[in-house]
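Below, each chain spelled out in residue letters.
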Amino acid sequence: MAEMTMVEALNLALDQCMDRDADVCLMGEDIGINGGVFRVTKGLYEKYGTRRVMDSTLAECGIIGTAVGMAIYGLKPVVEIQFSGFTMQAFDQIEQNMARMRNRTQGRYPIRMVMRTPYGGGIRAVEHHSESREAYWAHTPGLKVVIPSGPRNARALLAASIEDPDPVVFYEPKAVYRAFREDVPETHETMPLGKAQVVRPGSDITIISYGAMMRVCREAVDDLVELHGIDVELIDLLSISPMDTRTLSESVSKTGRCVIVHEGHQTCGIASEIIARLNEHAFEYLSAPIRRVTCPDIPFPYFQTEKQFLPDTDTVIGAVQETLAWE
Amino acid sequence: MPDDFNENPDPEATTPAAEGQYPEPKHGVKPGHMDTSPIDPGNIEVLQILDEHGQLDKSLDPPLNDELLVSMHRGLVLTRTFDHRMLTMQRQGEMGTFAPNLGQEACQLGQVIPLSKKDWYSPSYRSFGAQIWRGWSMERLLLLWAGYHEGFPPPAGVNDLPFSIVVGSHVLPAVGVAMGMNYKSDASCMVVNFGDGALSQGAVAEALNIAAVNAAPVVFVCENNGWAISTPLNKQAASENLAVRGLGFGMPSIRVDGNDILAMTVAVDEAAQRARGGGGPTFIEAVTYRMSLHTTADDPTVYREEKLVDPWEERCPIRRFETYMKYKGLLDSTTIERIHAECEQEVIKARDHFRSTAASHPREIFDHLFEQLPEELEAQRDAYLRRLDEGGGSDG
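Residues numbered from 1 in each chain as written. Chains lettered and ligands numbered in written order. Predicted model: local features only at pLDDT ≥ 70, side-chain atom pairs only at ≥ 80, totals over all residues.

## Structural notes on the overall build of chain B
Link 1 in the chain: Across its full length, chain B carries 12 helices and 8 strands.
Link 2 in the chain: With respect to the principal axes defined by its C-alpha atoms, chain B has extents near 90 × 65 × 50 Å.
Link 3 in the chain: Classification of the 396 residues of chain B by burial places 43% in the buried group.
Link 4 in the chain: A separation threshold of at least 6 residues defines the contact pool for chain B, and within that pool the share at least 24 residues apart is 76%. (Helix = DSSP H or I, 4+ residues; strand = E, 2+ residues; numbered from the N terminus. Buried ≥ 20, exposed ≤ 12 C-beta atoms within 10 Å, placed from the backbone. Contact = placed C-beta atoms within 7 Å.)

## Notes on the nonpolar core
Link 1 in the chain: Counting residues in each nonpolar core, the largest one holds 194 residues, and the members touching the most others are Ile-207 of chain A together with Val-175, Ala-178, Val-191, Val-218, Val-219 and Ile-284 of chain B.
Link 2 in the chain: Take this core: its biggest share by element is 10 residues, from helix 8 (residues 261–276) of chain B.
Link 3 in the chain: Lining this core are residues from two domains, each supplying at least three of them: domain 1 (2–184) and domain 2 (197–325) of chain A.
Link 4 in the chain: Aside from chain neighbours lying at most four places away, what touches Ile-207 of chain A is Cys-217, Val-221, Val-232, Leu-234, Ile-235, Val-259, Val-261 and Val-320 of chain A. (Core = buried A, V, L, I, M, F, W, Y, C linked by C-beta atoms within 7 Å. Domains from an automatic or database assignment.)

## Thoughts on the environment of Ile-260 of chain A
All names here are of chain A.
Link 1 in the chain: Turning to its location among the elements, Ile-260 is positioned in strand 13 (residues 258–265).
Link 2 in the chain: Along the backbone, Ile-260 and Cys-217 are 43 residues apart, and their C-alpha atoms lie at a distance of 9.9 Å.
Link 3 in the chain: Not counting residues up to four positions away in its chain, the partners in contact with Ile-260 are Ile-208, Ala-271, Ile-274, Ile-290 and Arg-292.

## Observations concerning the packing of helix 1 (residues 66–91) of chain B against helix 10 (residues 317–327) of chain B
A pair of packed helices is characterised by two quantities: the angle between their axes and the separation of those axes.
Residues and elements named next belong to chain B.
Link 1 in the chain: Put simply, helix 1 and helix 10 touch, their axes get as near as 10 Å, and they point 155 degrees apart. With respect to helix 10, the axis of helix 1 lies roughly antiparallel. You can see that helix 1 and helix 10 cross each other, and the crossing is left-handed. Here Leu-69, His-73, Leu-76, Val-77 and Arg-80 of helix 1 come into contact with helix 10, specifically with Pro-317, Ile-318, Phe-321, Glu-322 and Met-325. (Axes fitted to C-alpha atoms, helices over the stretch in contact; angles between N-to-C directions. Parallel < 35°, antiparallel > 145°, perpendicular 65-115°, else oblique. Left-handed = near helix turned anticlockwise from the far one by under 90°.)

## Structural notes on the interface of chain A and chain B
Note: interface size is frequently given as the accessible area lost on complex formation between the parts.
Link 1 in the chain: Every contact between the two is made by 36 residues of chain A and, on the other side, 33 residues of chain B.
Link 2 in the chain: At the level of secondary structure, the elements contributing two or more residues to the side of chain A that touches chain B comprise helix 3 (60–72), helix 4 (91–98) and helix 5 (101–104) of chain A.
Link 3 in the chain: Top element by residues in the side of chain A that touches chain B is helix 3 of chain A. It accounts for 9 residues.
Link 4 in the chain: Residue composition of the side of chain A that touches chain B, grouped by class: 14 nonpolar, 16 polar and 6 charged. (Nonpolar A, V, L, I, M, F, W, Y, C, P; charged D, E, K, R; others polar.)

## Some remarks on helix 11 (residues 333–357) of chain B
All names here are of chain B.
Link 1 in the chain: Spanning 25 residues, helix 11 covers 36 Å between terminal C-alpha atoms, matching the ideal 36 Å at 1.5 Å per step.
Link 2 in the chain: Ile-339, Cys-343, Val-347, Ala-350, Arg-351 and Phe-354 are the residues of helix 11 that are buried.
Link 3 in the chain: Where the residues of helix 11 are buried, they touch helix 1 and helix 4 (138–145). (Expected span 1.5 Å × (residues − 1).)

## Quick word on the sheet that holds strand 14 (residues 291–295) of chain A
Residue and element names in this part refer to chain A.
Link 1 in the chain: An order of 9-11-10-13-14 is seen for the 5 strands of this open sheet, with the pairing classed as mixed. Whereas interior strands pair on both sides, the edge strands pair on one side only; in this sheet they are strand 9 (197–200) and strand 14. Direction aside, the axes of adjacent strands within the sheet are offset by 25 degrees on average.
Link 2 in the chain: Pairing analysis gives 4 bridges linking strand 10 (residues 205–209) to strand 13, with the strands arranged parallel. Its bridge partner lying in strand 13, Ser-209 is registered against Val-261.
Link 3 in the chain: Packing against the sheet, helix 8 (residues 213–228) makes contact with strand 9, strand 10, strand 11 (232–236) and strand 13, and its axis sits at approximately 170 degrees to strand 11.
Link 4 in the chain: Each of strand 10, strand 13 and strand 14 touches helix 10 (residues 270–281); the most contacted strand, strand 13, lies at about 150 degrees to it. (Pairing = 2+ DSSP bridges.)

## Notes on the domain arrangement of chain A
All names here are of chain A.
Link 1 in the chain: Domain boundaries assigned for chain A yield domain 1 (2–184) and domain 2 (197–325).
Link 2 in the chain: Placing a centre on the C-alpha atoms of domain 1 and another on those of domain 2 gives a separation of 26 Å.
Link 3 in the chain: Facing 27 residues of domain 1, the contacting portion of domain 2 comprises 23 residues.
Link 4 in the chain: Going through the elements one at a time, helix 6 (134–138), strand 6 (144–146), helix 7 (151–163) and strand 7 (168–173) are the ones with two or more residues in the side of domain 1 that touches domain 2.
Link 5 in the chain: Of the residues assigned to the side of domain 1 that touches domain 2, the class counts are 14 nonpolar, 7 polar and 6 charged.

## Considerations on the environment of His-361 of chain B
Link 1 in the chain: Tracing the backbone shows His-361 of chain B in the loop between helix 11 and helix 12 (375–389).
Link 2 in the chain: Under the C-beta neighbour-count criterion, His-361 of chain B is labelled exposed, with 10 such atoms within 10 Å.

## Section: the sheet that holds strand 7 of chain A
Residues and elements named next belong to chain A.
Link 1 in the chain: In space, the 7 strands of this open sheet follow the order 3-2-4-5-7-6-12, with mixed pairing throughout. The sheet terminates laterally at strand 3 (53–55) and strand 12 (239–241), the two strands that pair on one side only. Pairs of neighbouring strands in the sheet enclose a mean axial angle of 20 degrees, with direction left out of account.
Link 2 in the chain: Sheet topology places strand 6 next to strand 12; 2 bridges connect them, and they run antiparallel. Looking at the pairing, Val-145 lines up with Ser-241 of strand 12.
Link 3 in the chain: Running at roughly 170 degrees to strand 4 (residues 76–80), helix 3 makes contact with strand 2 (24–28), strand 4 and strand 5 (114–119) of the sheet.

## Observations regarding the pairing of strand 2 of chain A
On a regular strand, one side chain projects to one face of the sheet and the next to the other, so that they alternate.
Residue and element names in this part refer to chain A.
Link 1 in the chain: Among the 5 residues of strand 2, 5 are classified as buried, and the element is accordingly described as predominantly covered.
Link 2 in the chain: The alternating pattern of strand 2 places Val-24, Leu-26 and Gly-28 and Cys-25 and Met-27 on opposite faces, both of which are buried.
Link 3 in the chain: As judged from the 5 bridges shared by strand 2 and strand 4, these two strands associate in the parallel manner. Within the sheet, the bridge partner assigned to Met-27 lies in strand 4 and is Val-79.
Link 4 in the chain: Both strand 2 and strand 3 contribute to a ladder of 3 bridges, which runs parallel. Across the sheet, Met-27 pairs through a bridge with Met-54, a residue of strand 3.

## Side note on the packing of helix 1 (residues 6–20) of chain A against helix 7 of chain A
Residue and element names in this part refer to chain A.
Link 1 in the chain: One can describe the packing of helix 1 onto helix 7 by two numbers: an axis separation of 8 Å at closest approach and a directional angle of 30 degrees. The orientation of helix 1 relative to helix 7 falls into the category roughly parallel. Of the two possible hands of crossing, helix 1 and helix 7 adopt the one that is right-handed. On helix 7, the residues touching Met-6, Ala-9, Leu-10, Leu-12, Ala-13, Gln-16 and Cys-17 of helix 1 are Pro-151, Arg-152, Ala-154, Arg-155, Leu-158, Ala-159 and Ile-162.
Link 2 in the chain: When grouped by side-chain class, the residues that make up the contact of helix 1 with helix 7 number 11 nonpolar, 1 polar and 2 charged.

## Examining helix 5 (residues 171–183) of chain B
Think of an α-helix as 3.6 residues a turn; residues three or four steps apart then line up on the same face.
All names here are of chain B.
Link 1 in the chain: Look at helix 5: 18 Å from first C-alpha to last across 13 residues, which is about the 18 Å you get at 1.5 Å a residue.
Link 2 in the chain: The buried count for helix 5 comes to 12 of 13 residues, which makes it a mostly enclosed element.
Link 3 in the chain: Considered for burial, the residues of helix 5 that qualify are Val-171, Leu-172, Pro-173, Ala-174, Val-175, Gly-176, Val-177, Ala-178, Met-179, Gly-180, Met-181 and Tyr-183.
Link 4 in the chain: Downstream of helix 5 by a residue or two, Ser-185 has a phi angle that is positive, lying close to 55 degrees.

## Some remarks on the pairing of strand 7 of chain A
Residue and element names in this part refer to chain A.
Link 1 in the chain: Counting buried positions along strand 7 gives 6 out of 6 residues, so the element sits mostly inside the fold.
Link 2 in the chain: Pairing geometry for strand 5 and strand 7, over 6 bridges, is parallel. If you follow Thr-117 over to strand 7, its bridge partner there is Tyr-171.
Link 3 in the chain: Both strand 6 and strand 7 contribute to a ladder of 3 bridges, which runs parallel.

So this is what it looks like as structure tokens:
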């Protein structure tokens, strides 16, 4: 075990996957000698060379499109899009080829690739650097969407995504990149995709969240448990698509109340989908309407306003109290 | 933002020179790095071996063997025969919308004739002549255009990409395949086909640039047929020719008579050899003409005068090659007539086979999206299959 930040843990996953499989290669803007703007690929260029760690031209659509071709040729490209706001440039290749090629060719060309990209607010960045648009990819048939919340699960989920036979969109909560350290095992570790994790079992109410908002929820849960005596069950979704409906519905069937927290916009957001599923699978157990705590349907504001824009512990605590008060 | 954007660190730099005097270069400032001599944009070769009357430039006559020449001729005839038959079938309601390729047969075949089985080909949706040459059966292509998914995947053993319907979106993956060849040090190449309209797409510009920067073994064949549905070339590009684009990205470029199968074959062969040998990509502008419809859903009389098409009747790629084959003593009028009849029979046979075997498989639509179907999709599949079992979605 070693104490690592999420950046170091992701670097470890990339390093070990490249070491284990000569077909795993990296591509992205400034990921070579510069080690990536967040240094997630630091040292890999020196270790594996320019053949396996490729600095791309400044073209996000080109990165995804050529990675699809490399995957067709049997490689396993792990590409970095510098900020998730820039994935919009690549939308056509993600939707038209990355997500569809396997289906289009009836399995002749599986696309084993991972698109890594830092997402979310909280780092005082300029426009297009703080988005949380995971709902786009969850809405696209053919993609898996994974969002870790801490160093250990980031490492294990990235390794699992690289080993997965299907294309994975891997959103990295950049607000967590260096926010805290965690013990990460030095030997290769993976976690199954498509499984949520019950982080804290409880009986009064379920909070479902993922990514950077898990930190906010953990703080809120500490307060709710210690100061208000509320026994909260906290679930880390980890995999947005496929979604672990079973774990969510089992929890809410037990607690009868639920609050969902994410950074993404409200309308057609991930919370909307979770509510629909709980409606299908746990409706008869509900004691109160399910609440969602999200960012409003407004473009992510300039950073002097981001603290007000992002959900915080007070918003989560407030939503939990209101849900509990519902009769 | 750093504050020094608004501060000049060297106040001397803004000191104005006395009137009539130009300031001396400051100590430590090197004189101009920019070479101010005029830039030579480079050479764009133009290649035609058989002119529109079938006249041969003997100095360029390629040493292709007789057997290959005969099969090239047969390929041209088969492509046109198949195109005609598809159009008839479409008009009779047996085929979905498709993109006819009348007049572009030489262009299509020439881009794949020099390829080996190890090489790759990425077609566009008007490339079925090339696809047949590469090993796609006509039955498979009929399935494809009649709306059966089974027709879409490249057949086993054929290193081709499926085409994308969104114009130009297949070019980046094609470059990626070529980058894979470099990664694995395989001496193969990729030929990717697209049209004059596709060249307006940003993704195609990205593909050209990435291929050039990475010396990817790609041959870009830009099939300039003059039209993108109703938009003529002069509204698609302001440059005099399209080959200049490739040059701008830093790769050798050539403009070829796309209705001359010899010129196409020679140009692609040279580019393919260069690519396989580590020489990077080549851009080929193949000049041809879309004599027929954009697709069967299109009516060109709305936007194009028939007289624009007439000269291209004279430039027919098949007639011109038949003149050459007669000159070579490889075919005569009788054998040519026989080949046309044989191709017709072959196409009819494929059509009949298609008619007797085509079947849709609605139960399989969940089978290919993921290697293993996620649990949440199992529920959707089960509901869908129940609907089918109850007779839902049937025509009756």
